[in-house]
Amino acid sequence: MGVEAHATNERVTGRRWTVRLDPVGRGRADVRVSCSRPACAAQVLPSAAAGRTAAIAHLKAHLRAGPAPRPSVHCACRAEECHTHIRPAGPRERPVPWRCGGAVVLAVITDREGRWWQVMECCSRCAAAHPTAKVVATAPAAEASARNDGLRADIAAPAATAVPSVHAPTFSAISPHFSHSATATGTAVPQQASAPRSAARSAPRSARPTRKRPPRGRIAQRLVPHDLRPVALRDELTELGELFRAYQARTEPDLAMLADLHARKAEAFHAWAEATADTGLRLDAQRAEQAAATARLQHLHRIGQAPDGEGPAVVRLLTAPAQWKHARAVLAHVAENAPLPGAEARLLVVMVTLRTAQSGVGNLVGQDIKGLPLQDPQHLVEQLVESGWLGISGTAEELIASRPENPTRISVPSLTPDEDDPGPFTFGRKLRPKLSGWAQRVVGEKKLRKGKTGADVRLLALALATGSDGEGRLGPGGEGIGLDALSSWCSVDPADLPDLVDRLTAADWLAEADVTGTHLTGRLTERVLPLGCPLT
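Residues numbered from 1 in each chain as written. Predicted model: local features only at pLDDT ≥ 70, side-chain atom pairs only at ≥ 80, totals over all residues. Heavy atoms only, no water.

**Here we look at the layout of surface pockets**
To be explicit about the condition: Residues are said to line a cavity or pocket when one of their atoms sits within 4 Å of a point; the points come from a 1 Å grid over protein atoms alone, cavities being sets where a 1.4 Å probe fits but cannot get out and pockets being open sets with protein on both sides within 12 Å along at least five of seven lines. Grid points are joined across faces, edges and corners, and a volume is the space filled by probe spheres set on the points. Helix and strand assignments follow DSSP, with helices taken as H or I runs no shorter than four residues and strands as E runs no shorter than two, numbered in order from the N terminus. Put simply, Ala, Val, Leu, Ile, Met, Phe, Trp, Tyr, Cys and Pro go in the nonpolar bin, Asp, Glu, Lys and Arg in the charged bin, and everything else, Gly too, in the polar bin.
Of the pockets and cavities examined, the second largest pocket occupies roughly 320 Å³. Looking at the second largest pocket, it is lined by 16 residues, and the ones nearest its centre are Ala-463, Thr-466, Ile-481, Ala-485 and Leu-486. Among the elements of the structure, α9 (321-337), β14 (481-482) and α17 (483-490) are those that each provide at least two residues to the lining of the second largest pocket. Here the lining of the second largest pocket is built from residues that sort into ten nonpolar, five polar and one charged.

Pasting the structure below:
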């Protein structure tokens, strides 16, 4: 047997095992965690999240208990046509096997969906060829050097005897030498044919050190070229790619950090475009600038601050002027078409209208009605049904007793569109639940509930929320709202309005309130500004 075969037979294939996460059966949520090592029994977990946690813990236990990588092993991934051992071919080239190299490492490879984890004992070059590989341990350099010294002593004597005219092959003392050639598999080769070829091939390799390229960075689906100059720009792009990937792995967003990353990306891409004259890079830089501005504005809105040169920012429940106009349109329609008098009937009609505004039909449960300040909700529902304004599937008693898992179907004929009449409202299907949620937040606001305020006070809160400007001042330009309009909307006598205003002030809804002979002036407090629909 030749010299190379002799050296190869002293090495064994590296360890490799896999931990998998598989579904137990179709339509079931539980999963099975299994390990390819024979001593490990499979276990069943109730969910994919629990299974993934158990699989990672099992893998870490193996890594802690297992031995360190051995510097004398073959790559565990050595297989025919393994993509880590085949160099990609050009348009007119054939794929060429390439050699392993570097220290022996213990690498963990996983799929993008987190369904399996594989541990391999392989060379560092093959580990680097896997995009998801993470190196968890490296063979000690001292052990590798000592072993290579022994290999040189064992190989030099037979090589000199078999081929006296050729120098004995030498091996690098930095790390073990691996090869994907036929002799690396342990195949026997005639000694007289293999020894000269091995010596001639090994001698120049030991004299010529392997050049290591710096790791290639990746950012925004682009690879950072090795030869990109200046080097500081290449390093900045590589670092930015790593920072963006780290941000995506965060469990909580940080919009200020994201804005800074996009700003750095915009600056780096502008420099990259200047260096390469690439128009696509310049467009990416402009998009990064826009993303930075958007993220910074969102951050300011989230913390309640305003951009430079602007007034105080308010994060409102309804965000667009069109939504504010539709909210006022619903309240105006109810004021003109309420089927029953009284504040309690008016409040119930508002909530039902918002539930059925888009198609004339909707669902209600008992809690939707019992959560309103109504003295006799069942009798009120019966009155609305008798008037013909409301239709329900069942009785009023069944509606009050219905639960979320079994809601009651309701209909309002005057809101049902047909070919001749599209209905009184023009907003779409997606806006209706937003308007309904906004009204529920207003009438069910915590301090209004704790103060046990009646339907008339909550109707007044709705009117003031839609009748103030962007700073919360009541009426157009802060001039106030007419008392006649407020008393008509709340279905109360104008003389009762001062008491309602006092109750809203006590609930920290109003500040600087003043009821004159004709108008109510004042402003909404900072606490309830997010519920407002500013006049435009």
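After presenting the structure, the write-up continues.
**What about the packing of helix α6 (residues 231-248) against helix α7 (residues 255-276)?**
Operational definition: Interaxial angle, 0 to 180 degrees, is taken between N-to-C directions of lines fitted to C-alpha atoms, where a helix line uses only the stretch in contact. Working rule for angles: under 35 degrees goes down as roughly parallel, over 145 as roughly antiparallel, 65 to 115 as roughly perpendicular, anything else as oblique. Left-handed describes a crossing whose near helix is turned anticlockwise from the far helix through less than a right angle; right-handed describes the clockwise counterpart. Two residues form a contact once any of their heavy atoms are found within 4.5 Å.
Contact pair α6 / α7: the axes reach a minimum separation of 10 Å and the direction vectors enclose 150°. Between α6 and α7, the angle is such that the two are roughly antiparallel. For α6 against α7, the interelement crossing comes out left-handed. Along the contact surface, α6 presents Leu-233, Glu-236, Leu-237, Glu-239, Leu-240, Leu-243, Phe-244 and Tyr-247, while α7 presents Leu-255, Met-257, Leu-258, Leu-261, His-262, Arg-264, Lys-265, Ala-268, Phe-269, Ala-271 and Trp-272.

**Some thoughts on unusual backbone geometry**
The line we're drawing: Buried means the residue's accessible area, taken with a 1.4 Å probe over protein chains only, is under 20% of the maximum for its type, while exposed means over 50%, and partly exposed covers the values in between.
Here the bond from Arg-229 into Pro-230 is cis, since omega is 5°, no more than 30 degrees from zero. Residues other than glycine seldom take positive phi values, yet Ala-277 does so here, at roughly 55°. Mapped onto the secondary structure, Ala-277 falls in the loop between α7 and α8 (279-302). Backbone geometry at Lys-452 places phi at a positive 50°, although glycine is not the residue there. Here Lys-452 lies in the loop between α15 (446-450) and α16 (455-465). Judged by relative accessible area, Lys-452 falls into the exposed class, the value being 73%.

**Points about helix α12 (residues 377-386)**
Operational definition: Taking the helix axis as origin, the arc is that swept by the directions to the C-beta atoms.
Pro-377, Leu-380, Val-381 and Leu-384 are the residues of α12 that are buried. Axial view of α12: buried residues confined to an arc of 100°, hence all on one face. Summarising the contacts, the buried residues of α12 are in contact with α10 (343-356), α11 (366-370), β12 (391-392) and α13 (396-401). Just downstream of α12 lies Gly-388, where phi reads positive at about 85°.

**Quick word on the sheet that holds β12**
To keep things clear, this is the line we draw: Any two strands between which DSSP finds at least two bridges are classified as paired.
Judged by pairing direction, the sheet is antiparallel, and its three strands sit side by side in the order β11-β13-β12 without closing on themselves. One side of each edge strand has no neighbouring strand; the edge strands of this open sheet are β11 (361-364) and β12. Where β12 meets strand β13 (residues 408-411), two bridges bridge the pair, whose relative direction is antiparallel. Each bridged residue has a counterpart across the sheet, and for Ile-392 the counterpart in β13 is Ile-410. Across the sheet, α10 touches β11 and β13, and the angle it forms with β11 is around 120°.

**A short note on the pattern of salt bridges**
Convention followed: Between Lys or Arg on one side and Asp or Glu on the other, a salt bridge is scored when a side-chain nitrogen of the former is within 4 Å of a carboxyl oxygen of the latter.
Considering all chains together, one arrives at 19 salt bridges under this definition. Among the salt bridges present, the one from Asp-235 reaches Arg-234, with a minimum N-O distance of 3.7 Å. A salt bridge links Glu-236 to Arg-264; its shortest N-O distance comes to 3.0 Å. Linking Glu-236 in helix α6 with Arg-264 in helix α7, this pair joins segments that are 28 residues apart in sequence. Ionic contacts of the salt-bridge type, sharing partners, join the residues Glu-445, Lys-447, Asp-508 and Arg-527 into one network.

**Some words on a negative patch on the surface**
Threshold: Patch rule: a residue counts if its relative accessible area is over 30% and it has no salt bridge; like charges are joined within 9 Å, and nonpolar side chains (Val, Leu, Ile, Met, Phe, Trp, Tyr) within 5 Å. Surface exposure here means Shrake-Rupley accessible area, sampled with a 1.4 Å probe, where a residue is shielded only by the protein chains that are shown. Only four residue types enter the tally: Lys and Arg on the positive side, Asp and Glu on the negative side, with His and both chain ends excluded. Every charge is mapped onto a representative atom, which is NZ of Lys, CZ of Arg, CG of Asp or CD of Glu.
Where like charges cluster on the molecular surface, the negative patch consists of Asp-376, Glu-382, Glu-386, Glu-397 and Glu-398. Following the sequence through the fold, Glu-386 ends up in helix α12.

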